[in-house]
Amino acid sequence: MATLSDIGVSAFINILGAFAFLLAFALLRIQPINDRVYFPKWYITGKRSAPRHGGNFVGKFVNLNFKTYLTFLNWMPQAMKMSESKIIEHAGLDSAVFLRIYTLGLKIFGPTALVALLVLIPVNVSDGTLFFLRKDLVVSDIDKLSISNIKPKSWKFFVHIAMEYLFTFWTCFMLYKEYGRVAAMRLKFLASQDRHAEQFTVLVRNVPHESKRSITDSVENFFKKNHPDHYLCHQAVYNANKFAKLVRKKARLQNWLDYNQLKFERNPEKRPTKKKGFLGLWGERVDSIDYYKQQLKELDRRLTMEREGILKNSKSIMPAAFVSFNSRCGAAVCAQTQQSKNPTLWLTNWAPEPRDVYWNNLSISFFSLSLRKLLISVAVFALVFFYMIPITFVQSLANLEGLEKVAPFLRPLIEWKIIKSFLQGFLPGLALKVFLLVLPAILMFMSKIEGHVALSVLERRTAAKYYYFMLVNVFLGSIVAGTAFQQLHAFLHQSATQIPRNIGVSIPMKATFFITYIMVDGWAGIAGEILRFKPLVIFHLKNMFLVKTERDVEKAMDPGSVDFPETLPTLQLYFLLGIVYAVVTPILLPFILVFFAFAHLVYRHQVINVYNQRYESAAAFWPHVHARIIASLVISQLLLMGLLSTKKAAKSTPFLVVLPLLTLAFHKYCKSRFEPAFRKYPVEEAMEKDLQDRSSESDANLKAYLADAYLHPIFRSFEEVELDEVKVDKKPPPNSSSPPLSELSSPSPTHHTKHHEEDEPSQVSQTSHNVQHYEVGQPGDLFHYEYEQTSHIYHYDVESQYHHNGYHY
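A. Main features of the overall build of the protein. Within the protein one finds 33 helices and eight strands. Residues counted as buried form 54% of the 809 residues belonging to the protein. Considering only residue pairs separated by 6 or more positions, the protein has 81% of its internal contacts joining residues 24 or more positions apart. Per element, the accessible surface of the protein, about 36700 Å² overall, is 63% carbon and sulfur.

In structure tokens form, the structure reads like this:
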């Protein structure tokens, strides 16, 4: 078991590692060559461009102004300057609410840590029970600060029970305020949004097959019959996997053509050539530009044939469709009601926003969905079970004294002080972190097999699986397996009636292992997140070997996004550890507080400057976060009851029985009070937005707006499409506010859209419903970035109200 000196070694190693990461980041971020790695968000929004450089070749890559190195830590205060409202405009509500989880942790554990350290530690230290048990149990100085140090039947357990009530009520109070605040932010965000395709669209699955009708005709007839006043059009879903492969191949060939044309423009005297054989290693040498033009011409012909084959083959149409309505109210009624007497047919849900759709799962049948969920549940259970093996091995590293008693031949090696301190203070947390690295990818693969149709849902389901894994393996597994291994000597040499006592005493002792894990994952790990070492290396490797055109530079600049499947469960684990050990071993709370404060600072910087979210769910993940914090409260109360039962505190334990019931009642109230804002769209709100559109005439040409909103992405890349293939008139109506033809999206393929015959002709336009752009501040406000090097000053302006807080680097 780790001692205070071992914890000190671990703290030194992790603080040193975190400082090294932060120092490396502070120096790397001000180098011009790394600008796209550490500020990609601003490049994507078009508000930052590559720093210009003078004639000095070295200055293109290295910042030669040494004055800027004196202010390399400016990123910390700068990360805190942007207000929450501006973060919502800049990065979306998901990112803003994600950051609020860290501030919630600080609000809960700040006062809790203060009270626990001032009240509980003096109470725990006063008894000294572990001094008399040290011959039977493996104890350390940290354990003497825990509840294990209280002697059985002590009246002091009433202090711990009172603190458990106090901490529970404080946590519930903060959760209630936060749930209400996030729900209000979500409703305000949705109400303030301009017209988006998902507000008018419903995803319909399990469309029944009729022998004399195609899927598109069945969808049109069904919704014209059952929603005659609101049905507008629908978008069929095609199985176009082969077409998608050809499109990706065309993109690669186009990239090579662009590269060779640029190469020829730079050296017009020599046309580029290549060999036609495998990887250009052998074969006839030909003109590269002509070769790739010919390849693209042939590929365009194949794309045309493949596309026509998809549109003409009824088997290519999946039993699903995106159905659009002429009002938000009509869409709300359809999405939130049962459409058929058979509840397994005509399944309707709100459509995800177009960029959130996971197209591969749209054709899965109701029966297949049920079967997949069952199989994946079994697979997740098996994965959790078999992962107990490496977890148990990690625990053996964390309890070297217990290992010595079972295997004395290892004692000479283990007894080396430096090795022991390193193994117990640092290696257990690092080993556990390594074991968990590949887990999110495995769980995401399982979630995709389950059949979810939105990326946001896939990530939430993956996060749920990861949380259950962390709860069972990392928390409960560490306690049970580690305690059993640690106290194995006591278990083998004492009567069975003493085992419950030893387990009850040992549970608080696992705080030392979790302290080491928090320092590795929550301190050094978070510092590694801001360094972005892996994206940095990949970006420069791509620049050296793969980047041929400006398009390649954009692809190499991978900003990533908040990794919800891994980050949210990790956050919930920290809440669990803090809530459980607040009463049992309060000394763990300062380590939790450092994590929440440091992580909030780092992720704030990443959200503002780096991450570019793939979708916007308007904080749909918040109910899951709330529910798992409630679960942490219940777990802490049950564990405390079990612990007190081993301490023969029969008089005080019954006072805890009512607390889980009160906590669950509170959760039920919050669920009924706030969760509908995250699950349903009020008809009243939908009607109000519809009336606003009608009064402002912003609902004009709605049919054209929705016609191609959910067109499969691969069809958008196909540019040579005849206008008469679409059953939508391309001539805009009089006084239409639609964009010119030069801004139109690729028209829909045949059968994709169906409309009422009496509807007016409309124009298919590509609008902002596909990609949301967030701008910082108002026009006229300046956000001044300044990069000063030798005698040159490179700058650009970003719209923001923070012109007086400019970034200087």
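B. Structural context of the environment of R328. Turning to its location among the elements, R328 is positioned in helix α12 (residues 328-335). Spatially, the C-alpha atoms of R328 and T201 are 8.2 Å apart, while their sequence positions differ by 127 residues. Ignoring anything within four residues of it in the chain, the contact list for R328 reads R195, Q199, F200, W350, Y681, A686, K689, D690 and D693.

C. Spotlight on unusual backbone geometry. The backbone of W346 shows a phi angle near 50 degrees, a positive value even though the residue is not glycine. Tracing the backbone through its elements, the reader meets W346 in the loop between α12 and β6 (347-350). The exposure class assigned to W346 is buried, which follows from its relative accessible area of 6%. Even without a glycine there, the phi angle at R532 is positive, about 55 degrees. For R532, the position within the fold is in the loop between α23 (511-531) and α24 (533-545). R532 sits in the buried class, given a relative accessible area of 8%.

D. Expanded view of the sheet that holds strand β2 (residues 231-238). Spatially, β2-β5-β1-β6 is the arrangement adopted by the four strands of the open sheet, whose pairing is antiparallel. The sheet is open, and its two edges are formed by β2 and β6, each paired on a single side. When strand polarity is set aside, the average angle formed by the axes of neighbouring strands in this sheet is 30 degrees. The pairing of strand β1 (residues 201-205) with β6 spans four bridges and is antiparallel. Among the inter-strand pairings, L203 is bridged to a residue of β6, identified as N349. Against the sheet, α12 engages β1, β5 (317-325) and β6, with an angle of about 130 degrees to β6.

Conventions used here
Residues numbered from 1 in each chain as written. Predicted model: local features only at pLDDT ≥ 70, side-chain atom pairs only at ≥ 80, totals over all residues. Heavy atoms only, no water. Helix = DSSP H or I, 4+ residues; strand = E, 2+ residues; numbered from the N terminus. Buried < 20%, exposed > 50% of the residue type's maximum accessible area, 1.4 Å probe, protein only. Contact = heavy atoms within 4.5 Å. Areas by Shrake-Rupley, 256 points an atom, 1.4 Å probe, with all protein chains shown as cover. Pairing = 2+ DSSP bridges. Axes fitted to C-alpha atoms, helices over the stretch in contact; angles between N-to-C directions.

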